[in-house]
Amino acid sequence: MAVHTRSLKRAKYLNMHRIFFAMFIFTVLSACSVSLPDDVAEAYQALPEDLDYNLHVKPVLSDKCFVCHGPDKAKQKAGLRLDIRDNAIGELDESPGKFAIDPGNTQGSELVHRILSDDPDYLMPSPESHLTLSAREKAILVKWIDQGAEYKPHWAFVKPTLPKVPKTQYESKVINEIDRFIFHRLETEGLTPSNEANRELLLRRVSLDLTGLPPTLEEIGNFLNDKSADAYEKQVDRLLNSEQFGEKMAVDWLDLARFADSHGYTVDRLRDMSPYRDWVIQAFNKNYPYNKFIQWQLAGDMMPNPTKEMKLATAFNRNHAQNMEGGIIDEEFQTEYVVDRTNTFGEAFMGLSVGCARCHDHKYDPISQKNYYELFSFFNNVPEAGQISWDDAMPGPTLLLPTERQEKIIAFLSKEVDEKESKLHESERQADAAFETWYQSNPLHRMSDGKLPNSGLVGYYTFDNGSLRNAMDTRQSGVVRLGSGPESPVFESRGNGKALHLNGDAWLDLSPVGLFRKGDAFSIGLFVYIPKELKEGVIFHKSTMERHFNYRGYDLYLKDNKLRLSMSHVAPANAIRKYTIENIPRDTWVHLMMTYDGSSRAMGLRLYQNGVEAPMETVADNLTKDILLYQGQPGLQIGAWDRGWGIKDARVDDITVYNREVTPLEVRIIAGKESWSETASKIMRNDSKLFEELKVYYRSAVNKEVAASLQELRAVRNARADSVESIKEVMIMEEMARPRKSHVLLRGNYDAFGEEVVGNTPASILPFPGDLPKNRLGLSEWLIRDDHPLTARVAVNRFWQNYFGAGIVKTMEDFGNQGELPSHAELLDWLAITFRDSGWDVKKLQKLIVMSATYRRDSRASQESRTKDPENRLLSHGPANRLSAEMMRDNALAACGLLKKEIGGKSVKPYQPEGLWEINNTRYVPDTGQALYRRSLYVIVKRTVPHPTMATFDAPSRSYCVVRRQKTNTPLQSLVTLNDPTFVEAARVLGEQMTTDSNAREGVVNAYRRLTGRTPDSKEVDLLLELQQVEYKKFRDHPEKAKGWLTTGQYSVDRKLDTSLVAANTVVASAIMNSDATLTKR
Amino acid sequence: MGHSHHDEEFRLNTPEASFLNRKLDRRNFLMKTSLGLGALATGSLLGMDALRASTSKSGPEDASSQEAILAAIPHIAPRAKRVVYLFMAGGPSQFETFDYKPALFNLAGQNLPESVRKGQRLTGMSASQAALPMVPSIYKFNQHGKNQTWVSELLPHTAKVVDDLCIVKSLYSEAINHDPAITFFQTGNQLAGRPSIGSWVSYGLGSDNLNLPSFIVLVSKNAPQDQPLYARLWGNGFLPTRHQGVQFRSGKDPVLFLNNPDGYDGSDRKEMLDYLGKLNRLQNEAFGDPEIDNRIAQYEMAFRMQTSVPGVIDLSNESEEVFDLYGPGSRDAGTYAANCILARKLLEKDVKFVQLYHQGWDQHGGLPKNIARQCKDTDQATAALVVDLKRRGLLEDTLVIWGGEFGRTVYSQGKLTATDYGRDHHPRCFTMWMAGAGVKAGISYGETDDFSYNITKDPVHVHDFQATLMHLLGIDHERLTYKFQGRRFRLTDVHGKVVNALLS
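Residues numbered from 1 in each chain as written. Chains lettered and ligands numbered in written order. Predicted model: local features only at pLDDT ≥ 70, side-chain atom pairs only at ≥ 80, totals over all residues. Heavy atoms only, no water.

K.L.:
Just checking my understanding: could you explain the overall build of chain A for this structure?
P.N.:
Scanning chain A from N- to C-terminus turns up 36 helices and 29 strands. Across the 1082 residues of chain A, 62% fall into the buried class. Carbon and sulfur atoms make up 51% of the accessible area of chain A, which amounts to about 39,600 Å² in all. Charge centroids of chain A, computed over 139 positive and 147 negative side chains, lie 2 Å from each other. (Helix = DSSP H or I, 4+ residues; strand = E, 2+ residues; numbered from the N terminus. Buried < 20%, exposed > 50% of the residue type's maximum accessible area, 1.4 Å probe, protein only. Areas by Shrake-Rupley, 256 points an atom, 1.4 Å probe, with all protein chains shown as cover. Lys, Arg positive; Asp, Glu negative; His and termini not counted. Charge placed at Lys NZ, Arg CZ, Asp CG, Glu CD.)

K.L.:
Would you take a moment to explain the interface of chain A and chain B for this structure?
P.N.:
By a widely used convention, the size of an interface equals the accessible area lost when the partners come together. Every contact between the two is made by 130 residues of chain A and, on the other side, 116 residues of chain B. With both chains or domains summed, chain A and chain B bury close to 10,100 Å², and 56% of this area falls on carbon and sulfur atoms. Residues Asp-262 of chain B and Lys-1043 of chain A are paired through a salt bridge, measuring 3.6 Å at the closest nitrogen-oxygen approach. Counting residues per element, the side of chain A that touches chain B draws most heavily on helix 33 (residues 1018–1037) of chain A, which supplies ten residues. For the side of chain A that touches chain B, the class distribution of residues is 48 nonpolar, 36 polar and 46 charged. (Contact = heavy atoms within 4.5 Å. Buried area = accessible area lost by both parts, 1.4 Å probe. Salt bridge = Lys/Arg side-chain N within 4 Å of Asp/Glu carboxyl O. Nonpolar A, V, L, I, M, F, W, Y, C, P; charged D, E, K, R; others polar.)

K.L.:
Teacher, can you tell me more about a negative patch on the surface here?
P.N.:
A contiguous patch of negative charge, built from Asp-118, Asp-119, Asp-121 and Glu-128 of chain A, is present on the exposed surface. With respect to the helices and strands, the residue Asp-121 of chain A is situated in the loop between helix 6 (110–116) and helix 7 (135–146). (Patch = residues over 30% accessible without salt bridge, like charges linked within 9 Å, V, L, I, M, F, W, Y side chains within 5 Å.)

K.L.:
Would you take a moment to explain unusual backbone geometry for this structure?
P.N.:
As a rule of thumb, non-glycine residues mostly have phi less than zero, and peptide bonds are mostly trans rather than cis. Residues and elements named next belong to chain A. Here Met-124 and Pro-125 are connected by a cis peptide whose omega angle stands at -5 degrees. Mapped onto the secondary structure, Pro-125 falls in the loop between helix 6 and helix 7. The omega torsion of the bond from Ser-511 to Pro-512 falls at 0 degrees, within 30 degrees of zero and hence cis. Tracing the backbone shows Pro-512 in the loop between strand 13 (507–509) and strand 14 (522–529). One non-glycine residue, Phe-463, adopts positive backbone phi at about 60 degrees. With respect to the helices and strands, the residue Phe-463 is situated in the loop between strand 6 (457–461) and strand 7 (469–470). What makes Phe-463 buried here is its relative accessible area of 1%.

Next up, the structure:
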């Protein structure tokens, strides 16, 4: 039955209305009222007097209405938007004269009729949406319209202002401002703050929270005995200044930064990015201001005169998963990497799910698809490959991190290279004198026309007798291949001889001819006939399966009438790449010759077309490592790669390979554009340019001293290359010289280009200031500007979560319209501004939080609090949370004393059940010795097969940014702490200690305190002693039952002890380890 | 005030935990009724209300909250109570198994016509081949069953049960490479991060067996490890961790850390756990936290797993006849054939979702030899599973699924010779089959062109397959949603429709 209703008045009568409403709620009828169903009417009455748009109304509108009537322009039904007031109260496009919302007039508001309707065709939200409004939600919308349908901007997009610190009746308990906000709120809710936690539990709490490790017995003793007023503060300072502080803080950051030791995706090979992890630890230990900390990670490489450290920090944006699977489409995954960076940027720093706007405008927040790709464009200028190299080379761009020793060696060899270069120049100068003598001997007349310059000619293939033999060494013969097997070559006549026809799939393999390093000078020439239809294909190369190995080697590639000449370690970042500017002629024979001087520089790599050097544009000039594959070294290959990309129906002829850089005069002769006799006669006719070229020819091809100097230079260049090869590399960010164009990608597809975009930020958050450069550096500045509404709030919220288990905004990852509202909005703003104004002082903020009385409360909840506030969001009592995965393992290792405290270095492989990595075609070989006992943040993260101990306790796979871990409670966790060798071994070490303690009781108490930080009461001790006796009897009668307890793991028990007793004590330690007192931080 | 599924909430259907659930429900109930009736009486609700609003979850509480979503299941009468999904990882060729293409015999070696390819993208492995020579199956096909269904000679055992199969020849996917394709099939999205099908099922339907996980994964040890597998294929994504697939492995530790330290047997463990329980209860006296009750329940469940799993995985009580039925290898724990027997045992124990993975179907080269071996390793046991389930009366309410992540190309990748060829990935059409609960037996659905390159009739998208699978379990795929990062996610994203023509 639909009952009466309420007065519905215009907003201007609101105050009067309220009084009226409160007094005569059931009796007033009005012309413009709407009748409400029972349940809605009832809910209406229960609503607070004043509805707040952000608190009450928008959560309903956003969750239930915005999907079809929100910011996503493409999905707006009936042209109606409910997220913008002007639109919501305007005349409806499809129903002239009607209004979705008529403020103050529910009868005239279509929305009200729709949400109250029983007619499925008329009802909103529509039945297909599977969204329904509860009676209370309907009542909220009705009452809000009643009250004038006032809108407010979304709280998180409005810059915070410093709120007034409230007063509280619990002033005597207050330690700092945090408490005033918290206690004031408790007062209003009628809750009482609990007492301070006892010292033992408090010390355990703060030790685990600040360092991830439990306090030692000595530390507990010191604190208990310290009667000074600042005893607690001394502990806090000690913990904040310990090196373990950085390790603890790093764990959360590494989740957010999706740091891992493997590439992810299907072929999940390992990669070592530990220098980044160690930088994060140090950044926390050195207390880098948060603004600098994030700015370096976003744009360290673009800072003025960037240091190695700044560049290393940018590894943040390269930590994402990378794909090695053969046959993937490069652009598809290159796009995914940029998407990952963009989404991580939104979630990590701004608490926004910007990723929702990849395929369409955001459904809930004012972030359009165009906004998304504007952000995307900031991260789209990295010279990276979508498919990373199969040979485990670090994907470019990278930073070389030489050790001190390596640095010295490289410096030495570089000096050598400089010296040998000077020596070469000197030899060349001296050669000019010898040239005269040589020239006088009439050398050109000794050269017969048609004869190739022969200095350094190591390969010459004419195909003329239908053979693939090398004329320079007839033991060598080329092979035509498709797959592994030899194919029959197809020849066709050309002039008097033959040329080789190519089908685009098979290639001519001339190995070992053409096998050169980056320190070698060499030249490769050939005649090629390229048919008009051919768009793309490789003319020659020394590599294998192109992108599969990121073009390691050298290659000459045709694409759309231009030629690309490359020499690569990992293209495009660690490579030389040049493009011709002019088109290549088609359907005619062309001579192409690449020459290279061994310098590893773009200017030393040239291409000649028909004897004339081709003008080229250099797009990459950064070849720092060698061009050889790690194994299976091919030589020169002509006409296709394994898997195609060949020059179908092209023909090649007269291939020449020199192990020196041939000179321009020689190239012309090889190309048939000049003959020796012509040269001689032109010089006779005073062609001075040609005379100079002859001089160059002499130096390079004839003079023995120059040749010897070149050999010396080559030797030191290659020695340097050998030394650089083993230097550790980490992935970093780098901007391409020519920025990549970015577009809106339709439906998020990498190959569906929409409108072109340039870097910009969503105006709804903070417009991009005109004074900043529109690049990553500018973006990082924008993020840390004082008027940015989100950065500081999101940061303090994340830190807060560390201590209380939940953020002030619980939805850490979503500060948008769908996110949860802050439990203490003013405190959040106060903390944000205080943090920012402190110079973003991270340690100071941590101290502020853990010093607060709020943090120090006893975690036991009163009955009242448990009923009113079961999640303890109001913090009437202290936090109680299960230990994190890392804490769980570190606590056991620390308690028994096995823990190896050592900061940083390569990740480690502790115990793990055999065979787990086999699904991913690899083997896990556990470490031995001290590495087994390193802290858990160093445990290797292989994304596709997580370490079971860590994963079972909710450590994320690190495949994508995570700012809030799950906190689950499962039987599989029990199996880990009961049976995982790490825990069994730690229990045994404790068991052994218990055995050597002066008496059983003391043994139990000590083990208990080491594991749980608290002194057990006598009932607990008695129970554990009883267990010890039961087990002892069992093991004495059946020693075989103790076997696993005594032998699991590498630690061996002192055999002089009563092993049955050690085993019994081990079981006791294990029981404590599996008890709530250990598992939960209270 | 409800409880968030994202966080500490867990809802075990164990006797130990059920009182907690009741408590939670009661709390909800009280809250709702007090809001309804108490308003006028007390006038004190303002405070309570503000508290409630400010501490609510990421969305308002209402009928579409997670609890209500789960409470509404089943949305339709379920046909299947459990699923066994035989995942043929790598992408089995439809040409050599089910999609008979006699027209290709006259076209062998000819280039794939552009009129067929229509500019569709190819993988980086063959996109740049100058020639795309078409190749018919080297293996013969014969007709079987009531409907004279064509089945390859490589699958003689499957051919015998063809009257039980619902063969779909018109599956298609959007992904062209293994990682995105298999992730798409298992999670509805090409990138890592979403829950797998089994996790959704576990989340939506819970467990019918208190002693075993509701989603169990078995990986063949006798398959070639060409394309790797990864744990996220059975991962829980953003769903609570307990819904992740638990891999049962052959060997001494079938579930990770299931075994007690050597020599310490079940009764020893029981005794120790009794003391642990007492210790935790003492802790509870001091702290009075329901989490402690819950922890106690987890330990009891862990113990029950310890006692029940070894019995389930032990095949020694199976009869000779059963081993003969499943064929060679079935006596060797961890092989595909042995896993099929184990799957049947798990289904008998009412495990909701059992997924077998058999790798090695990625035949870019040397296809004739390799696919024959793959079929030999799997055909008999696959058919035996159908037969065995049927004779035990389980096929009525068990859904059996067979298939990979995509199909293969009509053209040869690499060199084509008279006896050898390879096939590249082909997402545009491929074959899967289902059998048992709720699907039509003995039919073929969907058609492809003469080149098995394009679908000509009744296309079934991966999301459609997923929607149909959920439908058979009584779940409307559009209504089983989970709110994460402000958005409601579902297995089928925003797509998918139930293929009614497949339903019996």
